[in-house]
Amino acid sequence: EIDMVLLELFTDLISVAMCTCPGALYIEEQILSILNQTMQVDEIVICDDQSSDDTVARILHLSDRFPDKIRLIENEERLNVSANFDKAIRLCHGDVIFLSDQDDIWHDTKVVTIMRWFDDHPNKDVVFSDAQIVDQEGELLTEKTLFDISGLDYRALKWFDNGLAPEMFLFVCRAGGLTMAMRKSFVPKYL
């Protein structure tokens, strides 16, 4: 159960930057997992990179149901993953920006957990979380988590806690962008 007093303390606008290309099989489930969070996001900015399936139609269908939450931008030319995420992040209005792949499913307490972490760590600008690896039906593919697979261990966490996030990402392990959230002030460093 979420502490309602704690939720009232959060005044930050919360954005989600998502990229699609093509993602029709999973996009609706992912968007709904974001919209069904115990702590609501303020906007989901989706940059579609010229999907060749009915991804855009599915997003528009959900956008009709949630017009104040979903903003779809269709790229006029193909940007590819990095440039598309850069664009989506730049278009976000939130004080905190969550990154999202098109085929993830979020636990319903992801946003409140991350926002609590930011509240407890006002000197930190970026955070990433662990994830379970699942197949198309949402069944676990392995007992190992994303941290296990990417090599995130005590040493890497110590580097991160000591302000050496870029060095950690380059030399120790790779944290998935799909699990990342950042303060708006971190965006220039990220981009």
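Quick note: structure is the one above.
Residues numbered from 1 in each chain as written. Predicted model: local features only at pLDDT ≥ 70, side-chain atom pairs only at ≥ 80, totals over all residues. Heavy atoms only, no water.

Draft legend 1. How the structure looks around the overall build of the protein. From N to C terminus, the protein includes nine helices and eight strands. Among the 191 residues that make up the protein, the fraction classed as buried is 45%. Across the protein, the fraction of contacts at a sequence separation of at least 24, relative to all contacts at a separation of at least 6, is 74%. As displayed, the protein offers around 10,700 Å² of accessible surface, 51% of which is attributable to carbon and sulfur atoms. (Helix = DSSP H or I, 4+ residues; strand = E, 2+ residues; numbered from the N terminus. Buried < 20%, exposed > 50% of the residue type's maximum accessible area, 1.4 Å probe, protein only. Contact = heavy atoms within 4.5 Å. Areas by Shrake-Rupley, 256 points an atom, 1.4 Å probe, with all protein chains shown as cover.)

Draft legend 2. The arrangement of the packing of aromatic side chains in detail. Applying the stated rule across the entire model yields two aromatic pairs. The interplanar angle of 45° and the centroid separation of 5.8 Å between the aromatic rings of Phe98 and Trp106 together place this pair among those described as tilted. Here Phe98 and Trp106 have matching classes, each one buried. Positioned over the ring face of Trp106 is Lys110, at 4.3 Å from the centre of the ring. (Phe/Tyr/Trp six-rings, centres within 6.5 Å; stacked < 30°, edge-to-face > 60°. Lys NZ or Arg CZ within 6 Å of the ring centre and 35° of its normal.)

Draft legend 3. Region of interest: unusual backbone geometry. Its identity is not glycine, yet Gln50 carries a phi of approximately 60°, on the positive side. By secondary structure assignment, the location of Gln50 is in the loop between strand S2 (43–48) and helix H3 (55–65). A positive phi angle is found at Asn80, which is not glycine, with a value near 75°. Locating Asn80 in the fold gives a position in helix H4 (residues 80–91). For Asn80, a relative accessible area of 47% puts it in the partly exposed group.

Draft legend 4. View of a negative patch on the surface. Negative charge collects at one region of the surface, where Asp12, Asp42, Asp95, Asp119 and Asp120 lie side by side. Along the chain, Asp95 falls in the loop between H4 and strand S4 (96–100). (Patch = residues over 30% accessible without salt bridge, like charges linked within 9 Å, V, L, I, M, F, W, Y side chains within 5 Å. Salt bridge = Lys/Arg side-chain N within 4 Å of Asp/Glu carboxyl O. Lys, Arg positive; Asp, Glu negative; His and termini not counted. Charge placed at Lys NZ, Arg CZ, Asp CG, Glu CD.)

Draft legend 5. Structural detail: H4. In this model, H4 (twelve residues) spans 17 Å end to end at C-alpha, consistent with the 16 Å of a helix rising 1.5 Å per residue. Three or more residues of H4 are buried, namely Asn84, Phe85, Ala88 and Ile89. Viewed along the axis of H4, the buried residues span an arc of 135°, placing them on a single side of the element. When the buried face of H4 is taken as reference, the exposed residues oriented beyond 90 degrees from it are Ser82 and Arg90. (Expected span 1.5 Å × (residues − 1). Arc of directions from axis to C-beta.)

Draft legend 6. Broad picture of the sheet that holds strand S5 (residues 126–128). If you trace the six strands from one edge of the open sheet to the other, you get S3-S2-S1-S4-S8-S5, paired in mixed fashion. If you trace the sheet from one side to the other, it starts and ends with strand S3 (70–74) and S5, each paired once. This sheet shows a mean twist of 20° between the axes of neighbouring strands, independent of strand direction. Pairing geometry for strand S1 (residues 14–20) and S2, over six bridges, is parallel. Bridged to Thr20 within S2 is Asp48. Here helix H2 (residues 27–35) sits on the sheet and contacts S1, S2, S3 and S4; the angle it forms with S1, its principal contact strand, is near 175°. (Pairing = 2+ DSSP bridges. Axes fitted to C-alpha atoms, helices over the stretch in contact; angles between N-to-C directions.)

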